[in-house]
Amino acid sequence: MASISIIFLSLAILLEAPLAVSSTEDVHDLLSRYGFPRGLFPSSVKGYSLSENGNFEVHMDNPCYVQFDDLVYYDKKITGRLAYESISDLSGIQTKKHFLWVPVTGIRAAPGYVQFLVGALSETLPAEQFDAVRVCEG
C-alpha cells in the first residue's frame, strides 16, 4: 500500500512541475516555427530549453555583440516566454540607442516586420534584416 502512495505522490509532483524540453532542434528553426525570422539569435547559441508554458532559456557560448541597424548585446543566458509571434518577459538582450544601453523586454512579429519593446517604447524594423543568422563578435 505504501508503494502505491509513493507512485501517486510521484505522479502528482510530475504533473505540477512544468515540462522542460531541451531539443536537438536548432533554436533558429524553433524561432521560425513561432513566426519569427531565424536570425533573432546569433549563431553562437549552444543550446536552449523550452517549458510547456512557453518559458525558455537560451544559452550562448559567451556574451557577444551583433551589429544590426543598432548594436545588440546578447548575454550568456537569455530568458523569456515564447508564444506564436510574441516573446515577453525577455532578459539578456540589450540594444545601444545613442549612448545608452537599454534592455529589450519583448519582441513581436508581424508579416514583414519585427517590433522590439524597450519598456514602454518600441521600434519596428523590417523582418528581412533578421532573416540571416549572424555571427557574434566577442
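1. Points about the overall build of the chain
Then, in step 1: The number of helices and strands found in the chain is two helices and ten strands.
Then, in step 2: Ordering the α and β elements of the chain from the N terminus gives α-β-α-β-β-β-β-β-β-β-β-β.
Then, in step 3: Here the chain holds 138 residues, and the buried ones make up 34% of them.
Then, in step 4: Considering only contacts within the chain whose residues lie at least 6 apart along the sequence, 40% involve residues at least 24 apart.
Then, in step 5: As displayed, the chain has an accessible area near 8400 Å², and 58% of this comes from carbon and sulfur atoms.

2. Observations concerning the state of the cysteines
Then, in step 1: Under the counting rule described, the total for this entry stands at one disulfide.
Then, in step 2: Here Cys64 pairs with Cys136 through a disulfide, and the sulfurs are 1.8 Å apart. Sign of the S-S torsion, about 60° for the bond between Cys64 and Cys136, identifies this disulfide as right-handed. In this pair, Cys64 is assigned in strand β4 (residues 64-67) and Cys136 in the segment after β10 (121-126), connecting sequence segments 72 residues apart.
Then, in step 3: Judged by relative accessible area, which is 15%, Cys136 ranks as buried.

3. Some remarks on the packing of aromatic side chains
Then, in step 1: Tallied over the full model, the rule gives five aromatic pairs.
Then, in step 2: Their ring planes at 50° and their centres at 5.3 Å tell us that Phe116 and Phe130 sit as a pair that is tilted. Linking Phe116 in strand β9 (residues 113-118) with Phe130 in the segment after β10, this pair joins segments that are 14 residues apart in sequence.
Then, in step 3: Taken together, the ring pairs connect Tyr65, Tyr73 and Trp101 into an aromatic cluster.

4. So, the nonpolar core
Then, in step 1: Phe41, Phe56, Val58, Tyr74, Ile78 and Ile107 are the most contacted members of the largest nonpolar core, which totals 31 residues.
Then, in step 2: Listing elements by their share of this core, those giving two or more residues are α2 (27-33), β2 (45-51), β3 (55-60), β4, β5 (71-83), β6 (86-97), β8 (106-110) and β9.
Then, in step 3: If you tally residues by element for this core, the top one is β5, at four residues.
Then, in step 4: Those residues in contact with Ile78, other than ones at most four positions away along the chain, are Phe41, Phe56, Glu57, Val58, Met60, Leu90, Ser91, Gly92 and Ile93.

5. Comments concerning the pairing of β5
Then, in step 1: Across five bridges, β3 lies against β5 in antiparallel orientation. When the bridges of β5 are listed, Phe56 appears paired with Gly80.
Then, in step 2: As judged from the four bridges shared by β4 and β5, these two strands associate in the antiparallel manner. Across the sheet, the residue bridging to Cys64 is Tyr74, located in β5.
Then, in step 3: Connecting β4 to the next strand, β5, in antiparallel fashion are three residues.
Then, in step 4: As defined by bridge partners, β5 adjoins β6 across seven bridges and the pair is classed as antiparallel. Across the sheet, residue Ala83 finds its bridge partner in β6, namely Ser86.

Rules behind the numbers
Residues numbered from 1 in each chain as written. Predicted model: local features only at pLDDT ≥ 70, side-chain atom pairs only at ≥ 80, totals over all residues. Heavy atoms only, no water. Helix = DSSP H or I, 4+ residues; strand = E, 2+ residues; numbered from the N terminus. Buried < 20%, exposed > 50% of the residue type's maximum accessible area, 1.4 Å probe, protein only. Contact = heavy atoms within 4.5 Å. Areas by Shrake-Rupley, 256 points an atom, 1.4 Å probe, with all protein chains shown as cover. Disulfide = S-S within 2.5 Å. Phe/Tyr/Trp six-rings, centres within 6.5 Å; stacked < 30°, edge-to-face > 60°. Core = buried A, V, L, I, M, F, W, Y, C linked by side-chain atoms within 4.5 Å. Pairing = 2+ DSSP bridges.

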